[in-house]
Amino acid sequence: MTNILFAARSEKWEDYEGPLRSALDAAGLDYRLSTELPTAEVDYIVYAPNSDVQDFTPFTRLKAVLNLWAGVEGITGNETLNVPLTRMVDEDGLTQGMVEWVTGHTLRHHLGMDAHIVNPDREWDATPPPLSADRPVTILGMGALGQACAKALAALGFPVTGWSRTQKELPGVTCHAGEDGLRKALTDAQIVILLLPDTPATLNLIDAETLALPARGAFLINPGRGPLIDDGALIDALDAGQIAHATLDVFRVEPLPEDHPFWSHPRVTVTPHIASTTRPGTAARVIAENIRRGEAGESLLHLVDRDAGY
């Protein structure tokens, strides 16, 4: 029998127990699933980094930790973890949610919808927006989420440029990599979308220097990670008109403190980390498949490179 510990906030158990049992049953596994198991008997941990489990040393027969989140920065530095770690890549749930959120806000800024939704002076400005072909979009981060968003925006006719740490190839998307590639990707972009992980290499990547590269009046959309942005540099760029508007879903401190200047800035939209989330129904199938693979001696899906941080 395979022993599976669910280690997340207690309120999540009610959401996940049914979908996990259904997915594990469908995978044909003989298992015991619980929020409480003897540590020496646990084979797999279905894990959220904000759970009470922080010391993995007692789990002496642990085979893998299966993260429920796409982000793993909260666990990669844990020195007590010495077994494979996987991250959540869920095309039907988490990825689709991100594509919908990113596409929605990209179209919102592209079409200038804010001016019509909030128009207290009843101005009648019949200036049409440009077509998508005339609005270059750059996506920083070309992992599963970035590639899915790039495909969706390219399908709508936007010229999409992608940037990543290592070179990627994606049909219909111009891909760059490395420091020089970052400058190329950002230069003259009119919409910049951040989908990078939170690592030491990406900390404050969007600073005064990089914010000066897009076209004047560009839009910034961040559903990736808060520490990607130097907050002060972004506010300066907004005040100067270099960035027309920033739509931010993630922040260095969450919930965003009530006195943070992003709340009151007229050119900032704050959304409460809702761009994408793990959906229990679809995520459970990803978890079950990885446990099936582990028990069959097959390679696990979505393994994390602990050195790279994602």
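Quick note: structure is the one above.
J.: Give me the overall build of the protein chain: which residues, what numbers.
T.: Per the secondary structure count, the protein chain includes 9 helices and 12 strands. In terms of overall dimensions, the protein chain has C-alpha extents of about 65 × 40 × 35 Å along its principal axes. Put simply, 61% of the contacts in the protein chain that link residues at least 6 apart link residues at least 24 apart. As displayed, the protein chain has an accessible area near 15,000 Å², and 51% of this comes from carbon and sulfur atoms. If the 24 positive side-chain charges of the protein chain are averaged to one point and the 42 negative ones to another, these points end up 4 Å apart.

J.: An account of the sheet that holds strand β10 (residues 218–222) is needed here, citing residue identities and associated values.
T.: With respect to topology, 7 strands assemble into an open sheet ordered β8-β7-β6-β9-β10-β11-β12, the strand pairing being parallel. Pairing within the sheet leaves two strands with one partner each, and these edge strands are β8 (173–177) and β12 (268–270). Going across the sheet, the axis of each strand differs from the next one's by a mean of 15°, ignoring polarity. As paired elements, strand β6 (residues 137–140) and strand β7 (residues 160–164) share 4 bridges and run parallel to each other. By the bridge assignment, T138 is partnered in β7 with T161. This element, helix α2 (residues 91–111), spans β6, β9 (191–194), β10, β11 (243–248) and β12 of the sheet and lies at about 155° to β11. On top of the sheet, helix α4 (residues 144–155) reaches β6, β7, β8 and β9; it is set at about 170° to β6, its chief contact.

J.: I'd like a rundown of the side chain of R225, residues and numbers included.
T.: Topologically, R225 is positioned in the loop between β10 and α7 (231–240). With a relative accessible area of 18%, R225 lands in the buried category. Within polar-contact distance, the side chain of R225 engages the side chain of E73 at 2.7 Å. Setting aside residues up to four positions removed in sequence, R225 forms contacts with A70, G71, E73, L196, P197, D198, V250 and H273.

J.: Break down the environment of A218 for me, citing the residues and quoting the values.
T.: When you line up the elements, A218 lands in strand β10. Contact partners of A218, with chain neighbours within four places excluded, come to A189, Q190, Q242, I243, A244 and H245.

J.: Please set out the pattern of salt bridges residue by residue, giving values where relevant.
T.: Here the structure, examined in full by the defined rule, presents 13 salt bridges. The partner of D231 in a salt bridge is R252, and the shortest N-O contact between them spans 4.0 Å. Here D231 is found in helix α7, whereas its partner R252 is found in the loop between β11 and α8 (261–264), with 21 residues between them in sequence. A relative accessible area of 18% places D231 in the buried class. Using a relative accessible area of 40% as the deciding quantity, one classes R252 as partly exposed. One network of salt bridges, with partners in common, ties together E289, R292, R293 and E298.

J.: So what's going on with the packing of aromatic side chains? Residues and values would help.
T.: By the definition in use, this model includes 5 aromatic pairs. Taking the centre distance of 5.3 Å and the plane angle of 50° together, the rings of F6 and W13 count as tilted. Using a relative accessible area of 2% as the deciding quantity, one classes F6 as buried. Exposure remark for W13: the relative accessible area of 18% places this residue in the buried category. In this structure an aromatic cluster arises from ring pairing among F6, W13 and Y16.

J.: Got a sec to walk through the packing of helix α1 (residues 10–26) against helix α9 (residues 280–296)? Specific residues and values, please.
T.: In a pair of packed helices, the angle between the axes and the distance between the axes together describe the arrangement. Closest axis-to-axis distance for the α1/α9 pair is 8 Å, and the angle between their directions is 45°. With respect to their mutual orientation, α1 and α9 come out oblique. Here α1 runs over α9; the crossing is right-handed. Taking contact as the criterion, the partners of D15, Y16, P19, L20, A23 and L24 in α1 are, on α9, P280, G281, A283, A284, R285, I287, A288 and I291. Residues belonging to the contact of α1 with α9 are distributed by class as follows: 11 nonpolar, 1 polar and 2 charged.

J.: Tell me about α7, residues and numbers included.
T.: Turning to α7, its buried residues number three or more, namely D231, A233, L234, I235, A237 and L238. Those residues of α7 that are buried lie in contact with α6 (208–211), β10, β11, α8 and β12. A distance of 3.1 Å separates the backbone nitrogen of G232 from a side-chain oxygen at the start of α7, and that oxygen is part of D230. Backbone geometry just downstream of α7 places G241 in the positive-phi region, at approximately 85°.

J.: Tell me about the pairing of strand β1 (residues 2–7), and please be specific about residues and values.
T.: The two faces of a sheet get side chains in turn, since along a regular strand they alternate between them. Among the 6 residues that make up β1, 6 are buried, leaving the element largely enclosed by the rest of the structure. The alternating pattern of β1 places T2, I4 and F6 on one face and N3, L5 and A7 on the opposite face, and all of these are buried. Sheet topology places β1 next to strand β2 (residues 31–34); 4 bridges connect them, and they run parallel. Bridged to T2 within β2 is Y31. Sheet topology places β1 next to strand β3 (residues 44–47); 4 bridges connect them, and they run parallel. Paired with F6 across the two strands is V46, which belongs to β3.

Reading the values: the criteria
- Residues numbered from 1 in each chain as written.
- Predicted model: local features only at pLDDT ≥ 70, side-chain atom pairs only at ≥ 80, totals over all residues.
- Heavy atoms only, no water.
- Helix = DSSP H or I, 4+ residues; strand = E, 2+ residues; numbered from the N terminus.
- Contact = heavy atoms within 4.5 Å.
- Areas by Shrake-Rupley, 256 points an atom, 1.4 Å probe, with all protein chains shown as cover.
- Lys, Arg positive; Asp, Glu negative; His and termini not counted.
- Charge placed at Lys NZ, Arg CZ, Asp CG, Glu CD.
- Pairing = 2+ DSSP bridges.
- Axes fitted to C-alpha atoms, helices over the stretch in contact; angles between N-to-C directions.
- Buried < 20%, exposed > 50% of the residue type's maximum accessible area, 1.4 Å probe, protein only.
- Polar contact = N/O pair within 3.5 Å; in protein donor to acceptor, adjacent residues only side chain to side chain.
- Salt bridge = Lys/Arg side-chain N within 4 Å of Asp/Glu carboxyl O.
- Phe/Tyr/Trp six-rings, centres within 6.5 Å; stacked < 30°, edge-to-face > 60°.
- Parallel < 35°, antiparallel > 145°, perpendicular 65-115°, else oblique.
- Left-handed = near helix turned anticlockwise from the far one by under 90°.
- Nonpolar A, V, L, I, M, F, W, Y, C, P; charged D, E, K, R; others polar.

Shape descriptors only; they carry no functional weight alone.
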